[in-house]
Amino acid sequence: MPVIPMWKCDRDGSMFDDKKAAEEHDKMLELAANITHMLERHYATLDEELAEDIGLLFAQNKETIAKAIKGKPELILEIEPQAEQKASTKKAEKKEA
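Each value, and the rule that gives it
Position numbers for residues start from 1 in each chain and track the written sequence from start to end. This being a predicted model, a pLDDT of at least 70 is required before a residue's local features are given, and a value of 80 or more before pairs of side-chain atoms are given or counted; all residues contribute to the totals for chains, interfaces and linings. Computation of side-chain values covers all heavy atoms of the structure but excludes hydrogens and water. Definition used in this section: a nonpolar core is a set of buried Ala, Val, Leu, Ile, Met, Phe, Trp, Tyr and Cys residues joined via side-chain atoms within 4.5 Å. Think of it in three bands: residues with accessible area under 20% of the maximum for their type are buried, residues over 50% are exposed, and the middle band is partly exposed, with areas taken using a 1.4 Å probe on protein chains only. Whether two residues are in contact is decided by their heavy atoms, any of which lying within 4.5 Å being enough. Helix numbers and strand numbers start at the N terminus; a helix is a DSSP run of H or I with at least 4 residues, a strand a run of E with at least 2. Candidates for patches are residues over 30% relative accessible area with no salt bridge; among them, like charges are joined within 9 Å and nonpolar side chains (Val, Leu, Ile, Met, Phe, Trp, Tyr) within 5 Å. Every accessible area reported is derived by Shrake-Rupley at a probe size of 1.4 Å, with residue values counting cover from the shown protein chains alone. One side-chain nitrogen of Lys or Arg within 4 Å of one carboxyl oxygen of Asp or Glu is enough to make a salt bridge. His is not counted, nor are the chain ends, whereas Lys and Arg count as positive and Asp and Glu as negative. Note that the charge is assigned to NZ on lysines, CZ on arginines, CG on aspartates and CD on glutamates. The definition of a polar contact used here is a pair of N or O atoms within 3.5 Å, where within protein one atom must be able to donate a hydrogen and the other to accept one, and adjacent residues in sequence count solely through side-chain atom pairs.

Novice: Help me understand the nonpolar core in this model?
Specialist: Side chains of nonpolar character tend, in soluble globular proteins, to be buried together. Ranked by size, the top nonpolar core spans seven residues in total: Cys9, Phe16, Ala22, Met28, Leu29, Ala32 and Ala59. If we ignore the near neighbours within four places in the chain, the residues touching Met28 are Leu56, Ala59 and Gln60.

Quick look at the structure:
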């Protein structure tokens, strides 16, 4: 029976067959948590779930947001709503399986 190495992300329990992908996912979740914390500190009335959603949105799109900040603001308009991102992610996961 073959042994398949897997890496588990402690933050959300996601499993990866590639260490680099697991580390990138963990860094993305850490960035999302830090953004969430920043939002909650600055906006005390912000709902916790909404702050988490915003944190994930920023972390998942950090490259696009960085490019937009550096002078290409139109790129922000290309970011898909989170519901569409989740659907796209699930489709990609099904293709990989």
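Next comes the rest of the write-up.
Novice: Please clarify how the environment of Ala68 should be interpreted in this entry.
Specialist: Considering the arrangement of structural elements, one finds Ala68 in helix H3 (residues 62-69). Dropping the residues within four chain positions of it, Ala68 is found in contact with Pro73, Leu75 and Ile76.

Novice: In this structure, what is going on with a negative patch on the surface? I would like to understand it.
Specialist: Side chains of Asp17, Asp18, Glu23, Glu24 and Glu63 sit close together on the surface and give a patch of like negative charge. By the element assignment, Glu24 lies in helix H1 (residues 19-42).

Novice: Explain the side chain of Thr36 here, please?
Specialist: Relative to the helices and strands, Thr36 is located in helix H1. When its relative accessible area of 9% is taken as the criterion, Thr36 is described as buried. Within the structure, Thr36 has its side chain in polar contact with the backbone oxygen of Ala32 (distance 2.8 Å). Those residues in contact with Thr36 that lie beyond four places of it in its chain are Ala51, Glu52 and Gly55.

Novice: Got a minute to help me understand the pattern of salt bridges in this structure?
Specialist: Two side chains of opposite charge can pair, provided their charged atoms sit close to one another. Evaluation of the coordinates by the stated rule reveals two salt bridges. Its salt-bridge partner being Asp26, residue Arg11 comes within 2.8 Å of it at the nearest N-O pair. Taken together, the positions of Arg11 in the loop between strand S1 (7-8) and strand S2 (15-16) and Asp26 in helix H1 put the pair 15 residues apart, joining distant regions of the chain. Given a relative accessible area of 26%, Asp26 falls into the partly exposed group. The shortest N-O distance in the salt bridge between Arg11 and Glu30 comes to 3.8 Å. A residue pair is termed long-range when its members are at least 10 positions apart, and Arg11 in the loop between S1 and S2 and Glu30 in helix H1 qualify at 19 residues. The class for Arg11 is partly exposed, based on a relative accessible area of 44%. The network of salt bridges with shared partners includes Arg11, Asp26 and Glu30.

It is worth stressing that arrangement in space is one thing and function is another; only the former is reported here.
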